[in-house]
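# Remarks on the overall topology
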Amino acid sequence: MHAIIERTLADDLAALAEQIQRSTVVVRSGGPGGGSGVIWDADGTIITNAHVVRGEQATVRLADGREFVGAVTLRDERRDLAAIVLDGAADLPAAVIGNSDALRVGQLVVAVGNPLGVVGAVTTGIIHTLSVTEDGPRRLPWVQADVRLAPGNSGG
């Protein structure tokens, strides 16, 4: 006799959330508050928002509780992005990076971050706008989703 296991959308979302939570970190960088970040590669590059990091260093806490101090190696205020490289990190659970060109309006999206000190909080929404903005001679892709984000989710 074979048992049929039926997976539901809720099961799939819960599994996805667990996977993404492992690649999401808490970022603190001088001053009150903090934010979130994403492990971009296994050797310790973290991507976050530029407004999350102040100064040249940041402390990063992984989902498993380990903490690292890293150097802020790139900050683009205009795009609100920053990169942190962690000292002594290896074999970190890097996020699987998707292709934004494959996104479609109406797709379900999931956001993971650390709002108001709640580590690994998950929220969902849908993509409702895909467009391109003009920035002088450059064309910049733009994605908008109706995901509710609280303070501290920035960078997740």
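Described below are features of the structure shown in this document. (Residues numbered from 1 in each chain as written. Predicted model: local features only at pLDDT ≥ 70, side-chain atom pairs only at ≥ 80, totals over all residues. Heavy atoms only, no water.)

## Description of the pattern of salt bridges
Note on pairing: side chains with opposite charge can pair once their charged atoms come close. What counts here: Think of a salt bridge as a Lys or Arg side-chain nitrogen and an Asp or Glu carboxyl oxygen that are within 4 Å of each other. Only protein chains enter the accessibility calculation, which uses a 1.4 Å probe; a residue is then buried when its area is under 20% of its type maximum, exposed when over 50%, and partly exposed in between.
Tallying each qualifying case throughout the model produces four salt bridges. A salt bridge links Glu67 to Arg61, with the shortest nitrogen-to-oxygen separation between them at 3.7 Å. For Arg61, a relative accessible area of 29% puts it in the partly exposed group.

## Some thoughts on the sheet that holds strand β2 (residues 35–41)
In a beta sheet, neighbouring strands are held together by backbone hydrogen bonds and run either parallel or antiparallel to one another. Condition: Note on pairing: two strands pair once DSSP finds at least 2 bridges between them. Each helix is a run of DSSP H or I of at least 4 residues and each strand a run of E of at least 2, with the numbering of both proceeding from the N terminus. For helices, the axis comes from a line fit to the C-alpha atoms of the stretch in contact; other axes are also lines fit to C-alpha atoms, and the angle between any two N-to-C directions lies between 0 and 180 degrees.
Spatially, β1-β2-β3-β6-β5-β4 is the arrangement adopted by the six strands of the closed barrel, whose pairing is antiparallel. On average, each strand axis in the sheet is inclined to that of its neighbour by 40 degrees, with strand direction left out of account. For strand β1 (residues 24–28) and strand β4 (residues 57–61), the ladder comprises three bridges, and the chain directions are antiparallel. Of the residues in β4, the one forming a bridge with Val27 is Val60.

## Describing a nonpolar patch on the surface
Which entries qualify depends on this criterion: What makes a patch is a set of residues exposed beyond 30% relative accessible area and free of salt bridges, joined within 9 Å when like-charged and within 5 Å when nonpolar (Val, Leu, Ile, Met, Phe, Trp, Tyr). For the accessible areas, the method is Shrake-Rupley and the probe is 1.4 Å, while residue cover comes only from the protein chains on display.
A grouping of Leu9, Leu108 and Ile126 is seen on the molecular surface, where their side chains present a nonpolar patch of about 280 Å² in accessible area. Structurally, Leu108 is set in strand β7 (residues 108–113).

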